[in-house]
There are 2 protein chains.
Amino acid sequence: MADVARVAGVSHQTVSRVLNDHLNVRAETRARVLAAIDQLGYRRNFVARALVTRHSRRLGVVSFDTTLYGPASTVYSIEQAARAAGYFVSIVSLRTIDRAGVRDALDYLADQGVDGIVVVAPQRSAAQALDDLPAGMPVVAVEGGHAGDVSVVSVDQVAGARLATEHLLDLGHDTVWHVSGPSDWLEAEGRIAGWRDVLTAAGRPVPEPLNGDWSPRSGYAAGRRLAAMAGDVTAVFVANDQMALGVLRALTEEGVRVPEQMSVVGFDDIPESEFFSPPLTTVRQDFGAVGRCSIEVLLRQIEADGPLARECLVVPPEFVARASASPSCRPHGAVRN
Amino acid sequence: MADVARVAGVSHQTVSRVLNDHLNVRAETRARVLAAIDQLGYRRNFVARALVTRHSRRLGVVSFDTTLYGPASTVYSIEQAARAAGYFVSIVSLRTIDRAGVRDALDYLADQGVDGIVVVAPQRSAAQALDDLPAGMPVVAVEGGHAGDVSVVSVDQVAGARLATEHLLDLGHDTVWHVSGPSDWLEAEGRIAGWRDVLTAAGRPVPEPLNGDWSPRSGYAAGRRLAAMAGDVTAVFVANDQMALGVLRALTEEGVRVPEQMSVVGFDDIPESEFFSPPLTTVRQDFGAVGRCSIEVLLRQIEADGPLARECLVVPPEFVARASASPSCRPHGAVRN
DNA sequence: GGCAAGACTGTGAACGTTAACAATGCCCTC
DNA sequence: GAGGGCATTGTTAACGTTCACAGTCTTGCC
């Protein structure tokens, strides 16, 4: 910068002013400075800038297993939205989720000087870690439950599960079974709640959920158990599309036809779902909207530069009807008599 | 830091020495400093540190559509390896890939002061952008072709395609059709090359590849065309698992049984593949190894602090036999007579 | 007891930028 | 034509570290 100043015949401060679009720089001076910058190939040093302004224009993202479609999509849209707003994104992907791990990640990022943090915290234990935050650090939780005083952006899991369950009941099924996600996950919990609510409100029996861990393999295991009950079970709501794939596979292997003998509904709408056999009826989550909203909320907090009222944004899910769910083959009410 | 020094009754420099594990600090002094740090909750400022040392301990990653399984897994393992080595990772995900976009991303990251950059550049156009790098910036390309003088880490696509094609020939198929990835992608190109090599070497006819774009939808379109040729076509090598899913779907719809009437082999081994109907025979890419290797190479460059000989690491792929490929239903050579 | 060597600690100046304030020159008004 | 105000520029001091060097204190040896 000193070199630029010398070449342009001005002071370093004037160069700084040109760079920051300050008022009150004569057009001719500005041109001379810009020419010098161009000539010397000067690039301003963000680190020095961050030191004095106390703003790094970088955000942190803490996430869990960004290999999964949901977190990957969320992180992707967060990054896009952040960059569009002129911020960079530093990512910490946690292999295992526990309170200490999340807290460490938050501390690391705070040390690194990020201006704010988005925590993709879909587990109860991760959400708890938000109680002990680095002081004064703007934070937004994604899918993070509604405890504490951290702003939260999330998809309405309960509403999504309702859509799925209601659809199956509307098709004339007597009740709906459920293959759930791991119990520590808030999303799994929300989907169970929505499913249970609808069954209870309709006065239907509520079967014991089959536990899965989001993986196709666990869905496969659940599917085998369901296949053994084919005839008694005519409809299943599976907590995500990957497990639904495993369920479909197990049913196919056991000769249970979908949807004729058993209807299956998933959750997420991953790009593959449309091409399962049969194409999967599911509930779409708008991860793009979640990412964009979380950045909006976070930037508001950063720019306010002081504590702000906590915000809770909820993104509605969308039902996607395909071929894996059809009317019950039995007249309604014929079962369990 | 000045506060800590005051509380501990030493100079700021001694505090710095304690923080950096310098020799020649008396045990008692060190204890006093540590106590003061603890008492004040002092945290060292990475930005100031970066300014004077000229090392941010941050790496940049440029990638394309981190929603796809391959890039997502690669970026994940890069992040893990980097953090294990004490580095943070800033990510730039590109929506569209072109030379200018990659160059801009590299410039942004360089401005931001990263110590090195990993470019996940599976397209020809992205690889070309590596010709005009920010001067003196250590860079490693992942899946980036072997031009220029940038170090490259990649999975051996040609070998993987060979494994797939040879397997199908070994099963007695007369020839193997191919559903390819988008033409700009180096991976797509490598898979075509391996496939073509094996067919040519075996003296088999080389059918025109069907073009896809990695998506299940494009695989579905290709699958319908293949189904129309069932009888003539008995074996297909599909350039990734997602497209293979689309192919399977189309074949199922058209009543073509897999593998009895047509064998299908994919590429990638995504977690879902094992649960397709039928479970997909495929070629596994070890994305974890790719990520780890790329960080190793990059850190070597950074620590050498000067130009280093270019390295080209190749990670071998692994064949995974499942149920979607089986011996030809026709005696070998019975076709095209 | 003096002296050299090594252990330990402190002082001042960087690093490259922005903030705060001061200084200059010009125009306009009275 | 003197003075107030504004536009433009320069000067100095931060920001929070580490580096280079200069001390001071101990220890051991002659």
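Residues numbered from 1 in each chain as written. Chains lettered and ligands numbered in written order. Predicted model: local features only at pLDDT ≥ 70, side-chain atom pairs only at ≥ 80, totals over all residues. Heavy atoms only, no water.

- By the naming in an unreviewed UniProt entry, chain A is LacI family transcriptional regulator, taken from Streptosporangium minutum.

**So, the sheet that holds strand β6 (residues 177–180) of chain B**
Residues and elements named next belong to chain B.
Okay, step 1: Strand order across the open sheet formed by four strands is β7-β6-β8-β9, with parallel pairing between neighbours. The sheet terminates laterally at β7 (210–211) and β9 (263–265), the two strands that pair on one side only.
Okay, step 2: As paired strands, strand β8 (residues 235–238) and β9 are joined by three bridges and run parallel to one another. The residue bridging Ala-235 from the neighbouring strand is Ser-263, located in β9. (Pairing = 2+ DSSP bridges. Helix = DSSP H or I, 4+ residues; strand = E, 2+ residues; numbered from the N terminus.)

**Overview of the relation of the copies chain A and chain B**
Okay, step 1: Mapping chain A onto chain B leaves a residual RMSD of 0.1 Å; the transformation is a rotation of 180° accompanied by 0.0 Å of translation along its axis. Considering both components of the superposition, the chain copies are consistent with a two-fold axis. Residues of chain A ranked by C-alpha distance from the rotation axis are headed by Ser90(A), positioned 2.1 Å from it.
Okay, step 2: A shared interface surface links the copies, since 100% of the contact residues of chain A are contact residues in chain B too. (Least-squares fit on C-alpha atoms with pLDDT ≥ 70 in both. Contact = heavy atoms within 4.5 Å.)

**Brief notes about unusual backbone geometry**
Okay, step 1: Cis peptide bonds are those with omega within 30 degrees of zero, and the linkage from Val258(A) to Pro259(A) qualifies with 5°.
Okay, step 2: Structurally, Pro259(A) is set in the loop between α11 (241–253) and β9 (263–265).
Okay, step 3: Going from Ser277(A) to Pro278(A), the amide bond is cis rather than trans, its omega being -5°.
Okay, step 4: Inspection of the secondary structure assignment puts Pro278(A) in the loop between β9 and β10 (282–284).
Okay, step 5: Located in the positive-phi region is Asp269(B), a residue other than glycine, with phi close to 60°.
Okay, step 6: The exposure class of Asp269(B) is buried, given its relative accessible area of 11%. (Buried < 20%, exposed > 50% of the residue type's maximum accessible area, 1.4 Å probe, protein only.)

**Some points on the UniProt feature "domain: HTH lacI-type" (unreviewed entry) in chain A**
Okay, step 1: Mapped onto this structure's residue numbering, the UniProt feature "domain: HTH lacI-type" (unreviewed entry) falls at residues 1–53 of chain A.
Okay, step 2: Across residues 1–53 of chain A, the secondary structure splits into 70% helix and 0% strand, with the terminal C-alpha atoms separated by 17 Å. (UniProt positions renumbered as here; feature names shortened; annotations may be inferred.)

**Some thoughts on the protein's contact with DNA strand C**
Okay, step 1: Taken together, the neighbourhood of DNA strand C is formed by 28 residues, with Met1(A), Ser16(A), Tyr42(A), Thr29(B) and Arg54(B) sitting nearest.
Okay, step 2: When residues of the surface near DNA strand C are traced back to their parent elements, those giving at least two are α2 (12–19) and α4 (46–53) of chain A together with α2 (12–19) and α4 (46–53) of chain B.
Okay, step 3: Sorting elements by how many residues they give to the surface near DNA strand C places α4(A) first, with five residues.
Okay, step 4: Counted by class, the surface near DNA strand C contains nine nonpolar, 13 polar and six charged residues. (Near = heavy atom within 4 Å. Nonpolar A, V, L, I, M, F, W, Y, C, P; charged D, E, K, R; others polar.)

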